[in-house]
Amino acid sequence: MTLSRTDFHFEGINHRIGEMGAPVVLDNGVSYLEAGVTKEMDAGTHTSSAGEAVNTDGGIRPGTPFEDIPDERVRPVCGAAKSQFEEVD
């Protein structure tokens, strides 16, 4: 099977559409990053893009202290609540 740039490549894959309109795969992932495209380069057989991060895993930045994560926080990919995690040193 040959897929083109316009074919939808996520048919049959558990996903949702993110804030930027791109698919976010929901199975077997622990995080995601969304980026806004700042430049596109046509490479003939594909398009290469440069971007800027706009959403990193629902807004919780790496290194955020556990106690600073809101109690109502739910992981955007797996749906697990903060109460299902415990802080480790």
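Here is what the cut-offs are and how they apply
- Residues numbered from 1 in each chain as written.
- Predicted model: local features only at pLDDT ≥ 70, side-chain atom pairs only at ≥ 80, totals over all residues.
- Heavy atoms only, no water.
- Helix = DSSP H or I, 4+ residues; strand = E, 2+ residues; numbered from the N terminus.
- Phe/Tyr/Trp six-rings, centres within 6.5 Å; stacked < 30°, edge-to-face > 60°.
- Lys NZ or Arg CZ within 6 Å of the ring centre and 35° of its normal.
- Patch = residues over 30% accessible without salt bridge, like charges linked within 9 Å, V, L, I, M, F, W, Y side chains within 5 Å.
- Areas by Shrake-Rupley, 256 points an atom, 1.4 Å probe, with all protein chains shown as cover.
- Salt bridge = Lys/Arg side-chain N within 4 Å of Asp/Glu carboxyl O.
- Lys, Arg positive; Asp, Glu negative; His and termini not counted.
- Charge placed at Lys NZ, Arg CZ, Asp CG, Glu CD.
- Buried < 20%, exposed > 50% of the residue type's maximum accessible area, 1.4 Å probe, protein only.
- Contact = heavy atoms within 4.5 Å.
- pLDDT = per-residue confidence, 0-100.

Enquirer: I'm lost on the environment of R16 in this one. Help?
Expert: Of note, R16 is situated in strand 1 (residues 15-17). Each C-alpha atom, one on R16 and one on L26, is 7.2 Å from the other, the two residues being ten residues apart in sequence.

Enquirer: What is the right way to look at the packing of aromatic side chains in this model?
Expert: Ring pairs (aromatic) are described by centroid distance and by the angle formed between their planes. Per the stated rule, a full pass over the model turns up zero aromatic pairs. Residue placement shows K82 over the ring face of F66; its charged tip is 4.8 Å from the ring centre.

Enquirer: Is there a simple way to think about a negative patch on the surface in this case?
Expert: Judged by side-chain charge, E67, D68, E87 and D89 come together as a negatively charged surface patch. Relative to the elements of secondary structure, E67 occurs in the segment after strand 4 (47-56). Residue classification places E67 among the exposed positions, given a relative accessible area of 55%.

Enquirer: Teacher, can you tell me more about the pattern of salt bridges here?
Expert: Pairing of side chains with opposite charge becomes possible as their charged atoms draw close. Enumeration according to the criterion identifies one salt bridge in this entry. With its nearest N and O atoms 3.4 Å apart, the salt bridge here joins K82 to D71. With a gap of eleven residues between them, K82 in the segment after strand 4 and D71 in the segment after strand 4 connect regions that are remote in the sequence. K82 sits in the buried class, given a relative accessible area of 11%. Residue classification places D71 among the exposed positions, given a relative accessible area of 64%.

Enquirer: Explain the environment of E67 to me, please; I cannot follow it from the model alone.
Expert: Distance in space between the C-alpha atoms of E67 and E87 is 8.7 Å, their sequence separation being 20 residues. Excluding residues within four positions of it along the chain, E67 makes contact with K82 and E87.

Enquirer: Which parts of the structure should I look at to understand the confidence of the model for the chain?
Expert: Interpretation of the predicted coordinates at a detailed level should be avoided for regions scoring low in pLDDT. In this model, the chain carries an average pLDDT of 79, and 82% of its residues clear a pLDDT of 70 or more. Model confidence for the chain, summarised as mean pLDDT per element, is weakest for strand 4 at 79 and strongest for strand 3 (residues 33-42) at 86.

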